[in-house]
Amino acid sequence: MLREGAALKLVTRSQWGARAYRTPNGATPYSRPRRGVKLHYLGTAYSDRAHDKCDDYVRQIQAQHMDGNGWSDIGYSFVVCTHGYVYEGRGLKRRNSANGSTTLNDQDYAVLLMVGSSGLTKPTTAQLDGARDAIDYCRAEGPAGAWIGGHRDGYPTACPGDVVYAWVKAGAPRPAATPPKTATPQETAVTEAEMDRIADKVVDRLLAADKFNAPTDAADYSDDPKNPGHYWSGRTVFRDLVTRVRRIDKAVAELAAKKES
Ligand SMILES: [Zn+2]
Ligand SMILES: [Zn+2]
């Protein structure tokens, strides 16, 4: 299964306008489940481009592999552009031809990140996410095991370049989401005077704001000296309650004293 929330942006062969692969070699299946995934880079100069130019570039790689190298198809299993899209090369079932030898090709999938050895050499955040999506996809659907590495593992090449290789050796982590901006202490600091003002407001709301009619048998405990007995607040209710409890305590004590005598 793909990670919860991951959205593999797969571009199928028909979507990027792939040429048909040559048979029978281009149709050779893997002989066993894959150990894992090997990453690659372009190894040439590369400059970033608008996404609508990415499929042109993938077709160019395919043409170079088929017409230049004489291969049956694009060599890679998948190709990841700087915008995080994953182009289907030989895909999950057909053996790639990018890892250096038939044995190495049969052992691991081959995933290319479209970054260069000069120009754009550092993968974008979207691209690392896309590469991670491709690895997860190979594991979930390949099947591929948990091994990950670079073209240079077991083959003499600089590929996939030091930046991609460091990332893959760290376990190909998904780039961290940008943390939300947190307030600095200066922005949240409240002075003592402000705290006092806030506390007074709280007391006012709790004890003085609600006003309601006083019971007719109550003593005059109004908070409003100009309008005695007309209404109560929380403060006057509390005062009345204390007076009544004291009166009851006194009455009980008198009753107890009478009983003893
Ligand atoms: Zn490579
Ligand atoms: Zn793109």
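Reference entry: report on the structure contained in this document. (Residues numbered from 1 in each chain as written. Chains lettered and ligands numbered in written order. Predicted model: local features only at pLDDT ≥ 70, side-chain atom pairs only at ≥ 80, totals over all residues. Heavy atoms only, no water.)

Bringing the side chain of D108 into the picture now. Within the element layout of this structure, D108 appears in strand β6 (residues 108–113). Judged by relative accessible area, D108 falls into the buried class, the value being 0%. Reaching out from D108, the side chain makes a polar contact with the side chain of R35 at a distance of 2.7 Å. Apart from the residues within four sequence positions on either side, D108 is in contact with Y30, R34, R35, G36, V37, K38, N96, N99 and W147. (Helix = DSSP H or I, 4+ residues; strand = E, 2+ residues; numbered from the N terminus. Buried < 20%, exposed > 50% of the residue type's maximum accessible area, 1.4 Å probe, protein only. Polar contact = N/O pair within 3.5 Å; in protein donor to acceptor, adjacent residues only side chain to side chain. Contact = heavy atoms within 4.5 Å.)

Glancing now at the coordination of the zinc ion (ligand 2). On the protein side, the zinc ion (ligand 2) has H51 (ND1), C54 (SG), C81 (SG) and H83 (ND1) as donor atoms, found 2.1 to 2.4 Å from it. Here the zinc ion (ligand 2) binds four donor atoms, and the angle range of 100 to 116° at the metal identifies the geometry as tetrahedral. Counting along the primary sequence, the residues that act as donors to the zinc ion (ligand 2) give the motif H-x2-C-x26-C-x1-H. Here C81 lies in the loop between β4 (78–80) and β5 (86–88) and C54 lies in helix α2 (residues 54–68), a separation of 27 residues in the sequence. Residues C54 and C81 agree in their burial class; the two are buried. (Donors = N, O, S within 2.8 Å, 3.2 Å for Na, K, Ca; no water. Tetrahedral: all angles 85-135°; square planar, octahedral: opposite > 155°, others 65-115°.)

Here we take up a negative patch on the surface. Together, E192, D196, D200 and D204 line one region of the surface with negative charge. Position of D204 among the secondary structure elements: in helix α7 (residues 192–209). We classify D204 as partly exposed; its relative accessible area is 42%. (Patch = residues over 30% accessible without salt bridge, like charges linked within 9 Å, V, L, I, M, F, W, Y side chains within 5 Å. Areas by Shrake-Rupley, 256 points an atom, 1.4 Å probe, with all protein chains shown as cover. Salt bridge = Lys/Arg side-chain N within 4 Å of Asp/Glu carboxyl O. Lys, Arg positive; Asp, Glu negative; His and termini not counted. Charge placed at Lys NZ, Arg CZ, Asp CG, Glu CD.)

Here we take up the sheet that holds strand β8 (residues 144–150). Taken together, six strands build an open sheet; the order of strands is β1-β5-β4-β6-β2-β8 and the sheet is mixed. Lying at the two open borders of the sheet, with one neighbouring strand each, are β1 (10–11) and β8. Bridge count for β1 against β5 is two bridges, and the pairing is parallel. By the bridge assignment for β5, L10 is matched with V86. Here helix α5 (residues 161–169) sits on the sheet in contact with β2 (34–40), β6 and β8, set at roughly 145° to β8. (Pairing = 2+ DSSP bridges. Axes fitted to C-alpha atoms, helices over the stretch in contact; angles between N-to-C directions.)

Examined against the element boundaries, R34 turns out to sit in strand β2. Leaving out residues up to four positions away in the same chain, R34 has contacts with L92, D106, Q107, D108, Y109, G142, P143, A144 and G145.

Moving on, we get to the environment of I61. Secondary-structure assignment places I61 in helix α2. Sequence spacing of I61 and L42 is 19 residues, and the spatial spacing of their C-alpha atoms is 9.4 Å. Each residue touching I61, except ones within four places of it in the same chain, is listed here: L42, I74, Y76, L112 and M114.

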